[in-house]
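Read off the chains here:
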Amino acid sequence: MNQIDNQPGSAGLVEKKYFTCAEPPHEQVLENGARLGPVTTAYETWGELSEKGDNAVLVTHAFSGDSHAAGYYPGESPEAKPGWWDSMIGPGKGLDTNKYFVICANILGGCMGSTGPSSINPATGKPYGLSFPMMTIGDMIETQKRLLDHLNIASLHSVIGGSVGGMQVLEWCVRYPDMVRSAIPVATTMRHSALAIAFNEVARQAIMADPRWNRGDYYDTAPPDLGLAIARMIGHVTYLSDEAMRRKFGRRLQNKADFSYGFDVDFQVESYLRYQGSKFVKRFDANSLLYITKASDYFDLVERNNSAYSLQSISGSRTKFLVISYSSDWLYPTYQAKELVQALKRAGQNVSFCEIEADCGHDAFLLPDERLGKLVGGFLDGTPRN
Amino acid sequence: MVPLETDDMRFDLRVISSKIEPGTRVLDLGCGNGDLLAWLEANKQVSGTGIEQDKEKAAHCIGRGLSVLQGDMIEEVDDYPDKSFDYVILSQTLQQVYEPARLLYSLSRIGRRFIVSFPNFSHYVIRMQLLLKGAAPKSEELPYSWYDSPNIRVITLKDFRKFSHDVGYRIVEEIAIITDYKSNQGRIINRLTNWRATYGIFIIEKQSTR
C-alpha cells in the first residue's frame, strides 16, 4: 500500500433522502400522549450495509445540526463546506465508511427536512407553529427507530453523537439496549444542569421577545430573525470557553484603532457573535430552536417519568460505552461526564472514559482532531460484531 | 506454572498474569499502555477493565480496543458494586498511594481477590545504604531523592505480611522476585526473600467475617 492509500479520504457525494411514516390514523404517539403524523425523517447514509447487517453506525446530531454529517451534495460548488462531521466520517477516518454503514437523520422537531414546527400540518394545510406537539429526546429516538426498521437494520454496531446528539445516544441505550452493541456519548450529560437550562431559557426568551415571533405564527410574514440571532449569540458563548475566547479574540478591536465610544461593533468578539447570529437565521427556524432546547432541558436519565427507560433497566445489557468529554467544555463539563460514567459503572455496564485536553470549549467535538478519530476507530474495532 | 509467552511485559506483570484464571473479570489499576490487559484478553479471554490517570495512555488503551477509564484510581474504585471483579491488580503503585489502607480496603470490596506488587524497601542494598552512608537510599530502580520521590510509602515484604494479618486479609500466595531494571527479565526466589527480593507480589483475599 502506498502513502496516498493510507490517507483518510472524503466521504464523497451524498444525497439527502426522506422517509415518511406514521400516516394517520396510525400516528406516532409522543411521550406526552400527543399524536403526530405523518412524520417525515430526512437522512443520509455513507458506506454499504453488510450482508449480515452488522455494521450499521448511527450518528446523532447536535441541536442545530442536520443529516448532512459528511461529504458533499451533488452539484455543490467546489467551495461548499462538507458535512458537519466530515473529519470523522469517510474512508479511513474514525467512522470508517470502508467498514461501516453510517446513517445520520435530522431529528424530529428539526427544520432540515424532518417533521418539525415549520412543517405543514395536514389537518390545516398551514405550518404547525406552536400547535406542534412538545416532543422529547425519547420521541426523536422512536422516529429514528422507525427509520432503521425501514432500512432493515435490526442492530447497531454503535450509536455516536455529541451534545444533544449524546443525549440521543443515551436514550437509544435505555430504550433499545439489546439493539445497541456500543455507544459513544460525546461532550454531553445525562441530565441538563441549571446552567444549561438557564442559557436555553435566555435563548428562548430572546426569540419570544421579538415581536415578529407572533406566538410562533410567522411563516407567512417576516420571521423573528433578530431574536433568533441573539439566541444564537448566547449559544456561541456557551460553545466556546474563556480560554478559547482569549486566544481567538482577546480585547482586540475590529477594523479600528480606537474605541468608537458608541454601540457599534468595537471588539472582535462582538463582530464574531453578530456574524454567527446573522449566519444562523438563514438556515434555522426559530420555533425549532424553542422545541429542541425544551426537549434537551427535559432530558434526565436519572429521574424519569417512564422508569422502564432508565439506566437501571439496562443492567445486564451488553452495550459497551465510551464516554468522551473535553477539558474546557463548560456547557457539559467533565464532572457531568464522570457522573454518567459512575452511573454506568453502578449499573454494571462496560464503560470506557476519556477526557480530551482541548481549549476550544464545548465546540471541540466538532473540530477536526485526530485524537477523537483514533479513540473512536479503535473502540469500534474492539467492539465484537455479534 | 503457566509458561510465560511474552518477553515484552515487565517481569512482575508476567508473574501476575500467570496467576489469573482464564475467563475471569479483571481490573488493572494504573494500566499504563494496557499491555497486561491486552495480553490477558488475548491469552486468557478475561473481561478486562483498566484505570489510568494519564490521558494519552488511557486514550491509547481505548484506541487499541480495551475498556479503560481515565481518572484517579482512588476515586474510580469507589463506584463499583461489591465483588465486581475476580481479580483487581495494583502493580508497582502502592508505594505512591497517600491512603494505602483505604485503597486496599476498596480493592478487597470490589474484587474477589486482589494482587498487589511493590518494591521491597528491605532489600539488602537499600539497608546497606542507610546503614553505611546514613543517607536516604537511592537505587537504579528507585532513583529519587527524598524531596522529589513519588514513592511516599516505605513498604517491606514483612510489613505487608503484618498489615494483611492485622486487618484480616488472607495471603493466598506471596511471591518474591528479583528483577533487572534494564530488561524485563527476572526470577522468583524462595529463600531470604525480605533481604534479596527487589519486588514482592501478594495475592490477597478478604477473610469472611463471622
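None of these values were measured; they are calculated from a predicted model. (Residues numbered from 1 in each chain as written. Chains lettered and ligands numbered in written order. Predicted model: local features only at pLDDT ≥ 70, side-chain atom pairs only at ≥ 80, totals over all residues.)

A few points about the overall build of chain A
What counts here: The numbering of helices and of strands both runs from the N terminus, where a helix is a DSSP run of H or I of at least 4 residues and a strand a run of E of at least 2. Computation of the radius of gyration draws on C-alpha atoms alone. For the globule rule, the value is 2.2 Å times the number of residues to the power 0.38. Counting other C-beta atoms within 10 Å of each residue's C-beta, where C-beta atoms are placed from the backbone, gives the exposure class: buried for 20 or more, exposed for 12 or fewer, partly exposed between. Contact definition: two residues whose C-beta atoms, as placed from backbone geometry, lie within 7 Å.
Looking only at helices and strands, chain A has 10 helices and 14 strands in total. For chain A, whose C-alpha radius of gyration is 21 Å, the value lies close to the compact-globule estimate of 21 Å for 386 residues. In chain A, which comprises 386 residues, the share counted as buried stands at 51%. Contacts in chain A between residues far apart in sequence, at least 24 positions, make up 72% of those at least 6 positions apart.

Examining the overall build of chain B
Of the regular secondary structure elements, chain B holds eight helices and eight strands. Its C-alpha radius of gyration of 17 Å places chain B within 12% of the 17 Å reference for a compact globule of 210 residues. When its C-alpha atoms are laid out on the principal axes, chain B stretches across 50 × 45 × 35 Å. The 210 residues of chain B split such that 39% are buried. For chain B, the proportion of contacts with a sequence separation of at least 24, taken over those separated by at least 6, is 62%.

Concerning helix α3 (residues 55-63) of chain B
Residues of α3(B) that are buried include every one of B:A58, B:A59, B:H60, B:C61, B:I62 and B:G63, and no others. Where α3(B) is buried, its residues contact β13 (320-326), β14 (350-356) and α10 (370-381) of chain A together with β2 (47-52) and β3 (67-70) of chain B.

Topic: the interface of chain B and chain A
What counts is decided by this rule: In this count, Pro and Cys sit with the nonpolar residues alongside Ala, Val, Leu, Ile, Met, Phe, Trp and Tyr, while Asp, Glu, Lys and Arg are called charged and the others, Gly among them, polar.
Contacts between chain B and chain A engage 16 residues on the former and 20 residues on the latter. If you list the elements that add at least two residues to the side of chain B that touches chain A, you get α3 and β3 of chain B. Here the element with the most residues in the side of chain B that touches chain A is α3(B); it accounts for five residues. Residues belonging to the side of chain B that touches chain A are distributed by class as follows: eight nonpolar, five polar and three charged.

Brief notes about the nonpolar core
Cut-off, in case you're wondering: Defined on buried residues, the nonpolar core groups Ala, Val, Leu, Ile, Met, Phe, Trp, Tyr and Cys residues joined through C-beta atoms within 7 Å.
Core analysis: the biggest nonpolar cluster contains 155 residues, and A:V57, A:V102 and B:I62 have the highest contact counts within it. The biggest single contributor to this core is helix α3 (residues 164-175) of chain A, with seven residues. Setting aside residues up to four positions removed in sequence, A:V102 forms contacts with A:T45, A:W46, A:G47, A:V57, A:V59, A:I89, A:L95 and A:T97.

Quick look at the packing of helix α2 (residues 137-150) of chain A against α3(A)
Residue and element names in this part refer to chain A. The line we're drawing: Here the axes come from fitting lines to C-alpha atoms, over the contacting stretch only for helices, and the angles between their N-to-C directions go from 0 to 180 degrees. Working rule for angles: under 35 degrees goes down as roughly parallel, over 145 as roughly antiparallel, 65 to 115 as roughly perpendicular, anything else as oblique.
One way to put it is that α2 packs onto α3 with a least axis distance of 9 Å and a crossing angle of 70°. When the interaxial angle is binned, α2 and α3 end up roughly perpendicular. Mapping the contact onto sequence places I137, G138, M140 and I141 in α2 and M167, Q168, E171, W172 and R175 in α3. Residue composition of the contact of α2 with α3, by class: five nonpolar, two polar and two charged.

Concerning unusual backbone geometry
Residue and element names in this part refer to chain A. In this model, P24 is joined to P25 through a cis peptide bond whose omega is 10°. Here P25 is to be found in the loop between β1 (17-21) and β2 (28-29). Here the residue pair G37 and P38 is connected by a cis peptide bond, since its omega of -5° sits within 30 degrees of zero. The residue P38 is located in the loop between β3 (35-36) and β4 (39-46) in this model. Its identity is not glycine, yet N214 carries a phi of approximately 55°, on the positive side.

Notes on the pairing of β13(A)
All names here are of chain A. The condition that has to hold: Only strands that DSSP links by at least two bridges are regarded as paired with each other. The crossover handedness rule: strands pointing away from the viewer, path from first strand over the helix to second strand clockwise, crossover right-handed.
β13 sits mainly inside the fold: seven of its seven residues count as buried. Across three bridges, the pairing between strand β12 (residues 182-186) and β13 is parallel. If you follow S182 over to β13, its bridge partner there is K320. Of the strand pairs in this sheet, β13 and β14 are connected by seven bridges, and their pairing is parallel. Note that in β14 the partner of L322 across the bridge is S352. With helix α9 (residues 334-346) bridging β13 and the parallel β14, this β-α-β connection has right-handed handedness.

Observations concerning the confidence of the model for chain B
The line we're drawing: Across the chain, each position has a pLDDT score giving the predictor's confidence in that residue, from 0 to 100.
Averaged over chain B, the pLDDT score is 91; the fraction of residues at 70 or greater is 95%. Per the prediction output, this complex has pTM 0.93; the corresponding ipTM is 0.88.

Re the environment of A:G75
With respect to the helices, strands and loops of the structure, A:G75 is situated in the loop between β5 (56-60) and β6 (89-90). Each C-alpha atom of the pair A:G75 and A:L13 lies 9.2 Å from the other, and the pair is 62 residues apart in sequence.

A few points about α9(A)
Heads up, the rule is: Multiplying 1.5 Å by the helix residue count minus one yields the expected span of that helix.
With 13 residues, α9(A) extends 18 Å between its outermost C-alpha atoms, agreeing within 8% with the 18 Å of an ideal straight helix rising 1.5 Å per residue. Where α9(A) is concerned, the buried positions are A:T334, A:Q336, A:A337, A:K338, A:L340, A:V341, A:L344 and A:K345. Buried residues belonging to α9(A) abut β12, β13 and β14 of chain A together with β3 of chain B. Directly beyond the C-terminal end of α9(A), a positive phi value near 75° is found at A:G348.

Considering the pairing of β12(A)
Of all the five residues making up β12(A), five are buried; the element is thus mostly covered by neighbouring parts of the structure. Residues of β12(A) alternate between two faces, with A:S182, A:I184 and A:V186 on one and A:A183 and A:P185 on the opposite face, all of them buried.

A word on the packing of α10(A) against α3(B)
Between α10(A) and α3(B), the shortest axis-to-axis distance is 7 Å and the interhelical angle comes to 40°. With respect to each other, α10(A) and α3(B) are oriented oblique. Of α3(B), the residues touching α10(A) (which contributes A:R371, A:K374, A:L375, A:G378 and A:F379) are B:A59, B:I62 and B:G63. Residue composition of the contact of α10(A) with α3(B), by class: four nonpolar, two polar and two charged.

With respect to the environment of A:S296
Mapped onto the secondary structure, A:S296 falls in helix α8 (residues 286-298). Once residues lying within four places of it in the same chain are set aside, the contact partners of A:S296 are A:F63, A:I137, A:V164, A:M167, A:H192 and A:N200.

Looking at the environment of A:R371
Along the chain, A:R371 falls in helix α10. Judged by local crowding, A:R371 falls into the partly exposed class, with 17 C-beta atoms found within 10 Å. Each C-alpha atom, one on A:R371 and one on A:I356, is 8.0 Å from the other, the two residues being 15 residues apart in sequence. Contact partners of A:R371, with chain neighbours within four places excluded, come to A:I356 and B:A59.

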